[in-house]
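Close look at the chain arrangement
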Amino acid sequence: MDAPGRLEVGRIGRAHGLRGEVYVTPVSNVRERFAPGSVLWAGDRELVVTASRSQQQRLLVRFVGVDDRDAAEALRNRVLVADPLGAAPEGELWVHELIGSEVRDRAGAVLGRVVSVEANPAHDLLVLDAGPLVPMVFVVSAGDGVVVVELPDGLLDL
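Attention in this report is confined to the structure presented alongside it. (Residues numbered from 1 in each chain as written. Predicted model: local features only at pLDDT ≥ 70, side-chain atom pairs only at ≥ 80, totals over all residues. Heavy atoms only, no water.)

**Observations regarding the overall build of the protein chain**
Definition in use: Only DSSP runs of H or I covering at least 4 residues are called helices, and only runs of E covering at least 2 are called strands; the numbering of each starts at the N terminus. The rule is simple: take the accessible area with a 1.4 Å probe, protein chains only, and divide by the maximum for that residue type; under 20% is buried, over 50% is exposed, in between is partly exposed.
A tally of helices and strands in the protein chain yields two helices and 12 strands. What you see in the protein chain, going N to C, is helices and strands ordered as β-β-β-β-β-α-β-α-β-β-β-β-β-β. The dimensions of the protein chain, computed from C-alpha atoms along their principal axes, are 60 × 30 × 25 Å. A total of 158 residues make up the protein chain; the buried ones form 31% of that total.

So, in structure tokens, the structure goes:
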């Protein structure tokens, strides 16, 4: 079982070749997560990255002890998690810190709580418990369990 506080960083896809490489679709924009020596988990299994390289929008990754196609295929469709890295870089937010946050407009009116963040080609979307979707571009500030947004008139009426 994954330890509490670990973050999803990718999903393992099919095997590539005969020597244990797997395709990984990353959900983290921190590429260092997949650098050689990085420790990831698939369920209760610790996986140490030995090599990785970009392959279009995915990565080809090798792990210690995954040395053949059968071992690689056994990891297929597993979610990869990792320990948090600490504070987000300036101007960025960690998704796990937004989940559960109360969303308010600039006047202080509560709009709901963030239940997830949905990837979207234009802007990621905050999914609120009441159903509305709020594009991240409207986030003014976030911290201490509160996300403040400045929404255009009528956005939540759609």
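So that's the structure; there's more coming.
**Notes on the side chain of R33**
Stated precisely, the cut-off is as follows: Charged-residue counts in this description rest on Lys and Arg as positive and Asp and Glu as negative, His and the chain ends being excluded. The term salt bridge refers to a side-chain nitrogen of Lys or Arg lying within 4 Å of a carboxyl oxygen of Asp or Glu. Contact definition: two residues touch when any of their heavy atoms are within 4.5 Å.
Along the chain, R33 falls in the loop between strand 2 (21-26) and strand 3 (39-42). D83 provides the closest opposite charge to the buried, salt-bridge-free R33, at an N-O distance of 7.3 Å. Apart from residues lying up to four places away in sequence, R33 is in contact with L7, V9, S28, S38, L40, A82, D83, P84 and L85.

**Some thoughts on the sheet that holds strand 8 (residues 110-118)**
Using the following cut-off: Any two strands between which DSSP finds at least two bridges are classified as paired. Axes, fitted as lines to C-alpha atoms, cover a helix only where it is in contact. Angles between the N-to-C directions of the axes lie from 0 to 180 degrees.
Taken together, six strands build an open sheet; the order of strands is 10-9-8-7-12-11 and the sheet is mixed. With partners counted over all chains shown, the strands left at the sheet margins are strand 10 (133-135) and strand 11 (139-143), one partner each. Pairs of neighbouring strands in the sheet enclose a mean axial angle of 35°, with direction left out of account. In the sheet, strand 8 pairs with strand 9 (residues 125-128) via four bridges, with the strands oriented antiparallel. Bridge pairing in strand 9 links V114 to L128.

**Examining the pattern of salt bridges**
All chains considered together, the criterion is met by four salt bridges. Notably, a salt bridge pairs R53 with E21, separated by 2.5 Å at the nearest N-O pair. A residue pair is termed long-range when its members are at least 10 positions apart, and R53 in strand 4 (residues 45-55) and E21 in strand 2 qualify at 32 residues. Its relative accessible area of 13% is what places E21 among the buried residues. A salt bridge links R104 to E102, with the shortest nitrogen-to-oxygen separation between them at 2.6 Å. Its relative accessible area of 30% is what places R104 among the partly exposed residues.

**Side note on the packing of aromatic side chains**
Where we set the bar: By convention, a stacked pair of Phe, Tyr or Trp rings (six-membered ring in the case of Trp) has centres within 6.5 Å and planes under 30 degrees apart, an edge-to-face pair has planes over 60 apart, and any other such pair is tilted. Remark: a charge is flagged as sitting over a ring if the NZ atom of Lys or the CZ atom of Arg is within 6 Å of the ring centre and within 35 degrees of the ring normal.
Applying the stated criterion across every chain, the model contains zero aromatic pairs. One Lys or Arg, R58, reaches over the ring of Y23 and ends 3.9 Å from the middle of that ring.

**Observations regarding the pairing of strand 12 (residues 146-149)**
The side chains of a regular strand alternate, first on one face of the sheet and then on the other. Residues V146 and V148 point to one face of strand 12 and V147 and V149 to the other, with burial holding for every one of them. The pairing of strand 11 with strand 12 spans four bridges and is classified as antiparallel. If you follow V139 over to strand 12, its bridge partner there is V149. Following strand 11, the chain reverses through two residues before pairing antiparallel with strand 12; D144 in that reversal takes a positive phi of roughly 55°.

**Let's talk about the nonpolar core**
Short version of the rule: Take the buried Ala, Val, Leu, Ile, Met, Phe, Trp, Tyr and Cys residues and link them wherever side-chain atoms come within 4.5 Å; each set so joined is a nonpolar core.
In this structure, I12, L40, L47, F63 and L80 are the most contacted members of the largest nonpolar core, which totals 18 residues. Those elements that place two or more of their residues in this core are strand 1 (7-16), strand 2, strand 3, strand 4, strand 5 (58-63) and strand 6 (79-82). For L40, the residues in contact, after removing those within four places along its chain, are V9, R33, F34, R45, E46, L47, V49, F63, L80, V81 and A82. If you look at the next biggest cluster of nonpolar residues, it comprises nine residues, including V103, V114, L126 and V139.

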